[in-house]
Amino acid sequence: MMLLHHPGTGDVEAYLAMENAVADGKIRSIGLSNWYIEELEEFLPQVNITPAMVQNEIHPYYQENDVIPYIQSHGIVVQGWYPLGGRGHTAELLGDKVISEIAAAHGKSSAQIILRWNLQKGVVVIPGSSNPDHIKENTELFDFELTVEEMERINSLDRGEKHDWY
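Think of each chain on its own: its residues are numbered from 1, step by step along the sequence as written. Where totals are concerned, whole chains, interfaces and linings use all residues; where local detail is concerned, this predicted model gives features only for residues with pLDDT of at least 70, and gives and counts side-chain atom pairs only at 80 or more. Here the side-chain values reflect all heavy atoms present in the structure, with hydrogen atoms and water set aside.

A. Expanded view of the packing of aromatic side chains. Each aromatic pair joins two rings of Phe, Tyr and Trp (for Trp, the six-membered one) with centres within 6.5 Å, and gets the label stacked for planes under 30 degrees apart, edge-to-face for over 60, and tilted for any other angle. Counting across every chain of the model gives three aromatic pairs. Where W35 meets F43, the ring centres are 4.6 Å apart and the plane angle is 55°; that geometry is what we call tilted. Side by side, W35 and F43 carry an identical accessibility label, which is buried. Ring pairing ties together the aromatic residues Y15, W35 and F43, which thus form one cluster. Relative accessibility under 20% of the residue-type maximum defines a buried residue, over 50% an exposed one, and the middle range a partly exposed one, all with a 1.4 Å probe and only protein chains included.

B. Molecular detail of the side chain of N138. Structurally, N138 is set in helix α7 (residues 132–139). Between two residues, a contact is recorded if the distance between any of their heavy atoms is within 4.5 Å. In this view, N138 contacts A111, L115 and P127; residues no more than four positions away in its chain are not counted. Numbered from the N terminus, helices here are DSSP runs of H or I no shorter than four residues, and strands are runs of E no shorter than two.

C. Focus on unusual backbone geometry. With phi around 70°, N34 is a residue other than glycine that occupies positive phi space. Looking at the secondary structure, you find N34 in the loop between β2 (30–33) and α2 (37–43). The class of N34 is buried, set by a relative accessible area of 2%. Backbone geometry places Y82, a non-glycine residue, at a positive phi of 60°. The residue Y82 is located in the loop between β4 (77–81) and α4 (90–94) in this model. A relative accessible area of 16% places Y82 in the buried class.

D. Just the nonpolar core, in detail. Nonpolar core, defined: a set of buried Ala, Val, Leu, Ile, Met, Phe, Trp, Tyr and Cys residues in which side-chain atoms within 4.5 Å join the residues together. If you look at the biggest cluster of nonpolar residues, it comprises 43 residues, and the most contacted ones within it are Y15, L32, F43, I71, I113 and L146. Of all the secondary structure elements, the ones that give two or more residues to this core are α1 (11–23), β2, α2, α3 (67–73), α5 (97–106), α6 (110–120), β5 (123–125) and α8 (148–155). Considering every element that reaches this core, the biggest residue donor is α6, with five residues. When near neighbours in sequence (up to four residues on either side) are disregarded, L146 contacts I102, H106, I113, R116, W117, Q120, M151 and I154.

E. Region of interest: a nonpolar patch on the surface. A cluster of nonpolar side chains, V77, V124 and I126, forms an exposed patch at the surface whose accessible area comes to about 250 Å². With respect to the element layout, V77 can be found in strand β4. By relative accessible area, V77 is classed as partly exposed at 39%. Residues enter patches when their relative accessible area tops 30% and they take part in no salt bridge; the joining distance is 9 Å for like charges and 5 Å for the nonpolar side chains Val, Leu, Ile, Met, Phe, Trp and Tyr. Surface accessibility in these figures is a Shrake-Rupley result with a 1.4 Å probe; residues are shielded only by whichever protein chains are displayed. Basic side-chain nitrogens of Lys or Arg form a salt bridge, by our definition, when they fall within 4 Å of a carboxyl oxygen of Asp or Glu.

F. Geometry of the pairing of strand β3 (residues 53–57). With five of five residues buried, β3 is to be regarded as a mostly interior element. Of the two faces of β3, the one lined by M53, Q55 and E57 and the one lined by V54 and N56 are each fully buried. Pairs of strands are assigned from DSSP output, requiring at least two bridges between the strands. Here β2 pairs with β3 via three bridges, running parallel. Looking at β3, one finds that L32 is bridged to V54. Here, the term right-handed applies to a crossover whose path from the first strand over the helix to the second runs clockwise when the strands point away from the viewer. Regarding the hand of the β-α-β motif, the stretch spanning β2, α2 and β3 is right-handed. Here five bridges tie β3 to β4, and the two strands are oriented parallel to one another. The residue bridging N56 from the neighbouring strand is G80, located in β4.

G. Main features of the side chain of H59. Inspection of the secondary structure assignment puts H59 in the loop between β3 and α3. With near-sequence residues (within four places) excluded, H59 lies in contact with Y82, P83, G85, L93, W117, E161 and H163.

H. Looking closely at the environment of P7. In this fold, P7 is placed in the loop between β1 (2–4) and α1. Given a relative accessible area of 28%, P7 falls into the partly exposed group. When the C-alpha atoms of P7 and E39 are compared, they prove to be 7.2 Å apart, with 32 residues separating the residues in sequence. Not counting residues up to four positions away in its chain, the partners in contact with P7 are S33, N34, W35 and E39.

These figures capture arrangement, not role.
Printed below as a string of structure tokens:
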């Protein structure tokens, strides 16, 4: 998977070069990172291969609730980066009262609740960690499900608070 990182000048030309690399068998999949509705509406009609994935910052404080369904409506996978809030913001998000209450009700960690929330929204998450215990915990998301009410409670946390500049 090769991603065109964020909108800028020369995007169509760069993406078409990536399409050529797919045709030549040099890479298997291409996608985008940090692209939103306005940019996608202009960009998609100019390319031949629909991006396999769009990777955007998504977490309970920055939810992109309009962007996710738009991307998915084009048959494109949405991947959330910074699913646990990102550098300098993880502790606040993991300590959020709503998330902590839901975690306690399920006997899970706050991180597991956030990751499960993403999965139930159809967002692929690949949280980073070098801690073997956290890595294992991050895979244990499939033995529970959040209720509609719990999903709504987490959805209500959206602050439109982006934690990186892209």
